[in-house]
Amino acid sequence: MPLRAKNDWDQNTARLLPRSAVANVTQPHGKRPWLVEVASIESNEATPGKRGGAAKGNAMTIAHQEAVIDPAAVDAIFAQARTANSFTGEVTDEQAQAIYELTKFGPTAFNSQPLRVTYVRSDEARAKLVDTLMPGNRAKTASAPLVAILSYDTDWAGQWDNFLPGYNAPKAMYDANPELAAATGNNNAHLQAGYFILAVRSLGFAAGPMTGADFGAIDEAFFPAGDQKSFLVVNIGLPAENAWGEAKPKFAYEDIVRTV
Ligand SMILES: Cc1cc2nc3c(=O)[nH]c(=O)nc-3n(C[C@H](O)[C@H](O)[C@H](O)COP(=O)(O)O)c2cc1C
């Protein structure tokens, strides 16, 4: 599943090697055999200063070997992806819809899907949003091809029969406890925000998520009825030149994970 090559960035991250450079490997867990890009695995050895280079080469070798999707897709979504700080290009309405059409499949508690997405397109809305941001977030948000405000629906439980038809017994628990309902909406929308960022990346774009904003002011400007609470602003587009600095350190498996 090669990504569309839009520029050098795409060609570098999503490029498939010629057939002669790939080996046919059978997955150890018995899933379908996959073409593993041997050179790509080797080139993902830790290389400080390169994009994704902070990931341990050994760990990425395991990730590529275990993947049941195209290793180039693994790179585009995870190992080679960075948070962009400057953007270029265009994001069409169809591409904006495609981001959601992928996001919606991520799991949420009771299938609740409390995330709501507001795409900011007009100059007027963009200016209103930029005013609410911390100074360091303003210029990149003013110039990003597309900006999304992610929020959660404060009445997500009110839609129970739409998202989990036939089993609404747990709804009473949320109706009786507004704080639990708000926390559950907030938490699950944050999960969906992660799916949203990976969806953006899987379509060949870069995402710039930001919490450096006055979300009370965003809610006043965009959701005055109180029906949604915003929690993240995401810039979306192709990364411009100097979109990121040196690769940042990522914690190693052995420092973070334990098996009990
Ligand atoms: C929830 C969240 C909030 C963030 N807020 C900001 C922000 O306000 N401004 C900013 O420039 N970057 C922000 N970032 C970007 C992070 O600093 C960045 O994703 C992180 O340092 C990893 O960078 P990398 O993808 O290049 O490895 C945010 C990221 C997330 C996920």
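Bear in mind that the values here come from a model prediction, so they are computed numbers and not experimental data.

Participant: Just checking my understanding: could you explain the overall build of the protein chain for this structure?
Facilitator: Along the backbone of the protein chain there are twelve helices and seven strands. A buried classification covers 30% of the 260 residues belonging to the protein chain.

Participant: Would you take a moment to explain the site of the ligand for this structure?
Facilitator: Lining the immediate surroundings of the ligand are R82, T83, N137, P209, M210, T211, G212, L232, W244 and K248. Residue composition of the shell around the ligand, by class: four nonpolar, four polar and two charged.

Participant: Just checking my understanding: could you explain the nonpolar core for this structure?
Facilitator: Note that soluble globular proteins tend to have their nonpolar side chains buried in a common cluster. With 34 residues, the main nonpolar core has L150, F196, V200, V234 and I236 as its most contacted residues. Of all the secondary-structure elements, those providing two or more residues to this core are β4 (115-120), β5 (146-153), α10 (178-202), β6 (206-210) and β7 (228-239). Examining the composition of this core, we find that seven residues originate from one element, α10, more than from any other. Setting aside residues no more than four positions away along its own chain, V234 makes contact with A148, L150, F196, I197, A207, G208 and P209.

Participant: What is the right way to read the environment of L146 from this model?
Facilitator: By the secondary structure assignment, L146 is in strand β5. Discounting residues that sit within four places of it in the chain, L146 has contacts with V91, A96, Y119, I236 and G237.

Participant: Quick question: what am I supposed to make of the pairing of β5 here?
Facilitator: The side chains of a regular strand alternate between both faces of the sheet. Counted residue by residue, β5 has seven buried out of eight residues, so it is predominantly covered. As defined by bridge partners, β4 adjoins β5 across six bridges and the pair is classed as antiparallel. Of the residues in β5, the one forming a bridge with T118 is I149. Pairing of β5 with β7, which is carried by eight bridges, proceeds in the antiparallel orientation. Across the sheet, the residue bridging to D153 is Q228, located in β7.

Participant: Whenever I open this one, the packing of helix α5 (residues 93-103) against α10 confuses me. Can you help?
Facilitator: The relative placement of two packed helices is expressed as an angle between their axes plus a distance between the axes. Contact geometry for α5 and α10: axes closest at 8 Å, N-to-C directions at 130 degrees. It follows from the interaxial angle that α5 and α10 lie oblique. Note that α5 runs across α10; the crossing there is right-handed. Contacts between α5 and α10 involve I99, L102 and T103 on the former and, on the latter, Q192, Y195, F196, A199, V200 and S202. Taken together, the residues that form the contact of α5 with α10 break down as six nonpolar, three polar and no charged.

Participant: Help me understand unusual backbone geometry in this model?
Facilitator: It is generally the case that most residues other than glycine have a negative phi and that most peptide bonds are trans. Positive phi, normally seen in glycine, also occurs at F110, with a value near 55 degrees. Position of F110 among the secondary structure elements: in the loop between α5 and β4. According to the C-beta neighbour criterion, F110 is partly exposed, with 17 such atoms within 10 Å. In the Ramachandran plot, N111 falls in the positive-phi region, its phi being about 65 degrees despite a non-glycine side chain. Position of N111 among the secondary structure elements: in the loop between α5 and β4.

Participant: Help me understand the environment of T83, please; the structure alone is not making it clear to me.
Facilitator: Within the secondary structure, T83 sits in the loop between α4 (71-79) and β3 (87-88). C-beta crowding within 10 Å serves as the criterion here: with 15 such atoms nearby, T83 is assigned to the partly exposed category. For the pair T83 and A206, spaced 123 residues apart in sequence, the C-alpha to C-alpha distance is 6.7 Å. Residue contacts for T83: discarding those within four places in its chain leaves A207, G208, P209 and W244.

Participant: Help me understand the confidence of the model for the protein chain, please; the structure alone is not making it clear to me.
Facilitator: For the protein chain, the average pLDDT comes to 82, and 77% of its residues sit at 70 or higher. Here residues 1-57 is modelled with pLDDT under 50, and outside its nearest four sequence neighbours on either side it reaches 97 contacts, counting other chains as well.

Participant: Looking at this model, I keep getting lost on the environment of T118. Mind explaining?
Facilitator: As for its position among the elements, T118 is in strand β4. For the pair T118 and A148, spaced 30 residues apart in the sequence, the C-alpha separation amounts to 5.5 Å. Once you skip the residues sitting within four places of it in the chain, T118 turns out to touch A148, I149, S151 and F222.

About the cut-offs
Residues numbered from 1 in each chain as written. Predicted model: local features only at pLDDT ≥ 70, side-chain atom pairs only at ≥ 80, totals over all residues. Helix = DSSP H or I, 4+ residues; strand = E, 2+ residues; numbered from the N terminus. Buried ≥ 20, exposed ≤ 12 C-beta atoms within 10 Å, placed from the backbone. Near = placed C-beta within 6 Å. Nonpolar A, V, L, I, M, F, W, Y, C, P; charged D, E, K, R; others polar. Core = buried A, V, L, I, M, F, W, Y, C linked by C-beta atoms within 7 Å. Contact = placed C-beta atoms within 7 Å. Pairing = 2+ DSSP bridges. Axes fitted to C-alpha atoms, helices over the stretch in contact; angles between N-to-C directions. Parallel < 35°, antiparallel > 145°, perpendicular 65-115°, else oblique. Left-handed = near helix turned anticlockwise from the far one by under 90°. pLDDT = per-residue confidence, 0-100.

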